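Each chain is listed here by its residues.
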Amino acid sequence: MIPELGHFVLACAVALACAQGVVGLFGPSLRDPRALAAAPVLALSHFAAAVLAMLALIWAGVVSDFTVENIADFSSSAVPLLYRITGVWGNHDGSILLWCVILSLCGATVALFGGNLPASLRSRVLGVLGLVSAGFLLFTIAVSDPFTRLWPPPTDGAGINPILQDPGLAFHPPVLYTGYVGFSVAFAFAIAALIEGRIDAAWGRWVRPWALLSWCFLTGGIALGSWWSYYTLGWGGYWFWDPVENAALLPWLTGTALLHCAIVVEKRESLKAWTVLLAIATFSLSLSGTFLVRSGILNSVHSFAAAPDQGLFILVLLGLTIGGSLLLFAIRAPVLAAAGIYAPISRESALVLNNIFLCAIAAVVFTGTLYPPFANLLFGIQLSVGAPFYNQTVLPLTAPIILAMGCGPLLAWKRADLLPALQRLWLAGGAALLVFLALSATRHVIAGLGLAGGAWVVLAALIDLADRLRLFRVPLGNSLARLGTLPRAALGAALGHIGFGVSVLGIAGMTLASQTVVVLQPGQSTQLGGYTWTLQDIHDAPGPNYTQRVADITVNGLTLHPSRRFFAAQHVTTNDAAIHTNGFQDIYAVFADEPASGGAELRLNNHPLAPEIWFGGLIMALGGFVSLSDRRLRVGAPSRKRKPEGAVA
Amino acid sequence: MSPWRRRLLFGIPLALAAAGGEAFYVILRRMQSNDYDPHALPSQLIGKRPPAFSLSGAGGMQGFANTDLAAPPKPMLVNWFASWCVPCREEAPMLAKLAASGLTIWGIAYEDDAQALAQFLTQNGNPYQRLAADADGTTAINWGVYGVPETYFIDKAGIVRWRYAGALTDEVVATQLNPLLAKYS
């Protein structure tokens, strides 16, 4: 009964989303206040319906209702409660439903917190969101229905994929999806602005917090996913340039570019068309990332159901959304004229430089991801593009960003001098040079470049912050008082840059990692990374729906317990890595196998600075949230150009 | 910039997206008609003879060299496996069934240990007419082996016609191997 109710409210959500789309887009031209007030109400009720549908599916998961095909295929009565809930979105149909719920959440958020927007703009934004949502809800209900019944029901479910039985799964997809889907709001703002044919500083100010919020979630989601793969997959790696990962990275790159150039629109009324294009591109990449990966076109290690019949539906939806928005862009954007002019050396130019390189990286990653299917199509050859390509192409493009990131925030708007800015950063430059020389002396040139780059970014941001606080030049109390009055946006930007620098440090540190694979008998030991690793014992340990063999390894006074878990229901063995971190170094042990000759085959890793990769991501997301709390975003600042209501349409 | 050039410039994103959409449409169509499998692992050996190698026997059986594969009396399979690989165990009943049906299967044990191999063959049966050991794995690199188990189909002219990476299943045999056998025997 509950699944049927879920199915029914899902159908209601489709209808409400359609109504939201039509009323939202055409309401403003009716010049009727009732039409303008309708879209927010529709958005809220559409959100409520989508949430009820999700709750119905979660309920079916919690009570293990195996008459629902989705639950029978991906859950079982032995699965712990948490994973019966999170498993609901750990599979194709459920994850699409979660995607739709978050999209409707975006509309509800705009309806609730968009009170400072002109009513017509808010209505149009909600209209665009409603139409997109209607399309994807229709997809859910038509070809990817999570409520399909199964008769006769099996006595027990097939069980969750053991790899997904992890707390990381509980948080990674919702956070990542919020990031992906959140860019729909920036997209809707761009479309609404194109329809109205007007983009000004106020528009830049309105769109930026939405883009920033989804950027924070996307950053957090990517960091979580990378961390999750690092500690559960047991490969000792954190990024594999897999199409699914690239699908998350691409909107992050263009979204980061969008954040930066929305500042230019807000402050200087320049780069308008480019900002609109980035907003469209970011959401388009989110969409194609989520759905093309699922269509089975791209070969990925992530197992999603490959269903070509769904693929066609997806392609039509993507065509309408992306094609329609780009068509609108081609028609309306050429009339958007830039107001502000600026010199080649200025804050604006630094931000343009940032955009050029971020988009160049995005283009490279995009090409690498799509080259295999396109090469097959055009030249009939089968090939795969792997990490060596990305490492060789992305790293050189990151170097200029790192260099420019240090001095960009110190430049003035309109016209600036590079030399004084560089003089203020002599300390950061000197430190970076020392790091590089020290490491290249021991022949770690790549690691040296990376660590020097990371140090440069972190120190430059810290110096800028210290200058603003007049640290060490006025008494400490005065500096702290200045911290209180410092615009949160400036603090957030500094934190964002520091976070990126810290991640760069972590990635560079990982190139110094050492690894060994050994077979040890209990009592034997081996040397790695200056430590003695001793296998003490191998023993059995109980688990909820698995049995496990645990190896006890002592390193440097610590005991690690990597285990091999055998899931009887699926005949799958997973390796649960044991990681000990002190914040600056990970020691990482995987119990790979038990050879017939006895003992344990162990993979031991020493990862210097590895925790900094995710720690940096966290700082970046934190910086975004700090920037969101800026006063000018909290207090609905009045738009500079007040136009009479109704003159817009 | 003149207004129409500006318009043209702003149409580029649409044109690119349209081209991409069209390409994806063609790919999807080809996936539906089984012309394109994004998960296929290409082998550069298809249409060629295996590279030169000579491997000694294992498990008390006769080994073989590339010259032995030059002109087999009838189409045959070369199966790469290892005693330490779990999918190879899963594949064993299928290989036994194929061997019982009269298909010639030669095996190459990849980076395997003699004792563990003997144990594997007693547990899972021995479908191989000849069995060679690639102890250091260099022959596997020359063949472009992706991982074990992996199966190569060699026709009467000694040319590799098909490679399958992963355990052979009923579906793979029915949809891929049987048509090849019908075509080349």
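For the structure itself, look to the data block above.
As a convention, each chain's residues are numbered from 1 in the sequence order in which they are written. All chains are assigned letters beginning with A, and all ligands numbers beginning with 1, in the order in which they are written. At least 70 in pLDDT is required for a residue's local features to be given in this predicted model, at least 80 for side-chain atom pairs to be given and counted, and no such filter applies to totals for whole chains, interfaces and linings, which use all residues. Side-chain figures throughout are based on the complete set of non-hydrogen atoms in the structure, without hydrogens or water.

**Points about the overall build of chain A**
Put simply, the rule is: Each helix corresponds to a stretch of at least 4 residues labelled H or I by DSSP, and each strand to a stretch of at least 2 residues labelled E; elements are numbered beginning at the N terminus. Only protein chains enter the accessibility calculation, which uses a 1.4 Å probe. A residue is then buried if its area is under 20% of the maximum for its type, exposed if over 50%, and partly exposed in between. Only the protein chains shown count as covering a residue, and every accessible area follows the Shrake-Rupley method with a 1.4 Å probe. Here the positive residues are Lys and Arg and the negative ones are Asp and Glu; neither His nor the chain ends is included. Every charge is mapped onto a representative atom, which is NZ of Lys, CZ of Arg, CG of Asp or CD of Glu.
Each helix and strand counted, chain A has 20 helices and 10 strands in total. With the principal axes as the frame, chain A shows a C-alpha extent of 85 × 75 × 60 Å. Evaluated residue by residue, chain A yields a buried proportion of 57% over its 649 residues. Entry remark: accessible area of chain A is about 26,600 Å², with carbon and sulfur atoms responsible for 68%. Between the averaged position of the 35 positive side-chain charges in chain A and that of its 31 negative side-chain charges there is a distance of 20 Å.

**Some points on the pattern of salt bridges**
Residues and elements named next belong to chain A. The line we're drawing: The rule for a salt bridge is simple: a side-chain nitrogen of Lys or Arg has to be within 4 Å of a carboxyl oxygen of Asp or Glu.
Using the criterion set out here, one finds 18 salt bridges over all chains in the structure. Between arginine 149 and glutamate 4 there is a salt bridge, and its shortest N-O distance comes to 2.7 Å. Of the two residues, arginine 149 sits in the loop between α6 (119-143) and α7 (167-196) while glutamate 4 sits in helix α1 (residues 2-30), which places them 145 residues apart along the sequence. Taking relative accessible area as the criterion, arginine 149 reaches 34% and is therefore assigned partly exposed. In this structure, a network of salt bridges that share partners links the residues Arg424, Asp464, Asp467 and Arg468.

**Some words on the nonpolar core**
What counts here: By nonpolar core is meant a set of buried Ala, Val, Leu, Ile, Met, Phe, Trp, Tyr and Cys residues that side-chain atoms within 4.5 Å join together. Whether two residues touch is decided by their heavy atoms; if any such pair falls within 4.5 Å, the residues are in contact.
Membership of the largest hydrophobic core comes to 147 residues, with the highest contact counts inside it found for A:Trp99, A:Phe136, A:Phe189, A:Trp203, A:Ile280 and A:Phe329. No other element matches α7(A), which puts 15 residues into this core. Aside from chain neighbours lying at most four places away, what touches A:Phe329 is A:Leu194, A:Ala273, A:Val276, A:Leu277, A:Ile280, A:Pro334, B:Phe10 and B:Pro13. Within the second largest apolar cluster, 43 residues are counted, among which are B:Cys85, B:Cys88, B:Trp106 and B:Leu180.

**Notes on the environment of A:Asn556**
Residue and element names in this part refer to chain A. With respect to the element layout, asparagine 556 can be found in the loop between β4 (547-555) and β5 (558-560). Once the C-alpha coordinates of asparagine 556 and tryptophan 533 are considered, the two residues, 23 residues apart in sequence, prove to be 7.6 Å apart. Among residues more than four places away in sequence, those in contact with asparagine 556 are Tyr531 and Thr532.

**Here's the deal with the side chain of A:Ser123**
Residue and element names in this part refer to chain A. Tracing the chain through its elements places serine 123 in helix α6. Take serine 123: its relative accessible area is 1%, and that puts it in the buried class. Here serine 123 is in contact with Val23, Gly24, Leu25, Pro28, Leu36 and Ala39, once residues within four sequence places are set aside.

**Here's the deal with the sheet that holds strand β10 (residues 600-608) of chain A**
Residue and element names in this part refer to chain A. Under the convention used in this document: When DSSP finds at least two bridges between two strands, those strands are taken to pair. Angles shown run from 0 to 180 degrees and are taken between the N-to-C directions of axes, each axis being a line fitted to C-alpha atoms and, for helices, limited to the stretch in contact.
Read across the open sheet, the 4 strands follow the order β1-β10-β9-β8; overall the sheet is antiparallel. In this open sheet, the two edge strands, each paired with only one partner strand, are β1 (514-520) and β8 (578-581). For this sheet, the mean inter-axis angle between neighbouring strands, taken without regard to orientation, is 15 degrees. Bridging between strand β9 (residues 585-593) and β10 involves 8 bridges; their strand directions are antiparallel. Across the sheet, the residue bridging to isoleucine 587 is asparagine 606, located in β10.

**Digging into the pairing of β4(A)**
All names here are of chain A. Counting buried positions over the 9 residues of β4 gives 7, a clear majority of the element. Note: strand β3 (residues 531-542) against β4, 9 bridges, orientation antiparallel. Looking at β4, one finds that threonine 534 is bridged to threonine 554. Hairpin connection from β3 to β4: 4 residues lie between these consecutive antiparallel strands.

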